[in-house]
Amino acid sequence: MMGNLFAGPHLWILLIVILLLFGAAKLPALAKSMGQSARIFKGEMKAMKSDDADAAASTDSTASPAPGVAQNVAQPPAPASEPAKPAAPDTTS
């Protein structure tokens, strides 16, 4: 039933109702504002997609370095300058 809403005479009736509601003088301004809104929305969607792509590229570049590039590897602690002294025997028993 809803599939035929915008076909044939239904479309004409819908256009006449819109014309009666908004008036002929306001229709061009309404169409212009709808076009501007659609253009702004489209631009924002493109900006969001490019931001997502940039974020994904930056996480990919930090997650896995390029081949042949040395990675920072944790170094073992440097040896102490003096060897550790043995613990004194417990004589309190």
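As a convention, each chain's residues are numbered from 1 in the sequence order in which they are written. Only residues with pLDDT of at least 70 are given local features in this predicted model, and only at 80 or more are side-chain atom pairs given and counted; all residues enter the totals for whole chains, interfaces and linings. Hydrogens and waters are ignored; side-chain quantities use all the structure's heavy atoms.

Concerning the overall build of the chain
Broken down by element type, the chain carries 2 helices and 0 strands. Accessible surface for the chain amounts to roughly 9,000 Å². Of this, 67% is attributable to carbon and sulfur atoms. Helix and strand assignments follow DSSP, with helices taken as H or I runs no shorter than four residues and strands as E runs no shorter than two, numbered in order from the N terminus. Accessible areas in this description were obtained via Shrake-Rupley with a 1.4 Å probe; residue shielding takes into account the shown protein chains only.

Considerations on a nonpolar patch on the surface
Residues Leu11, Trp12, Ile13, Leu14, Leu15, Val17, Ile18, Leu21, Phe22, Leu30 and Met34 make up a contiguous nonpolar surface patch of about 1,100 Å² in total accessible area. Every element with two or more residues in the nonpolar patch is listed here: α1 (9-22) and α2 (27-63). No other element matches α1, which puts 9 residues into the nonpolar patch. Residue classification places leucine 11 among the partly exposed residues on the basis of a relative accessible area of 34%. Any residue with relative accessible area above 30% and no salt bridge may belong to a patch, with like charges joined within 9 Å and the nonpolar Val, Leu, Ile, Met, Phe, Trp and Tyr side chains within 5 Å. Here, a salt bridge means any side-chain nitrogen of Lys or Arg that lies within 4 Å of a carboxyl oxygen of Asp or Glu. Buried, partly exposed and exposed residues are distinguished by accessible area as a fraction of the type maximum, computed with a 1.4 Å probe on protein chains only: under 20%, between the cut-offs, and over 50%, respectively.

Observations regarding α1
Multiply 1.5 Å by the residue count of a helix minus one, and that product is the helix's expected span. In this model, α1 (14 residues) spans 20 Å end to end at C-alpha, consistent with the 20 Å of a helix rising 1.5 Å per residue. In the segment just after α1, glycine 23 is the residue with positive phi, at about 85°.

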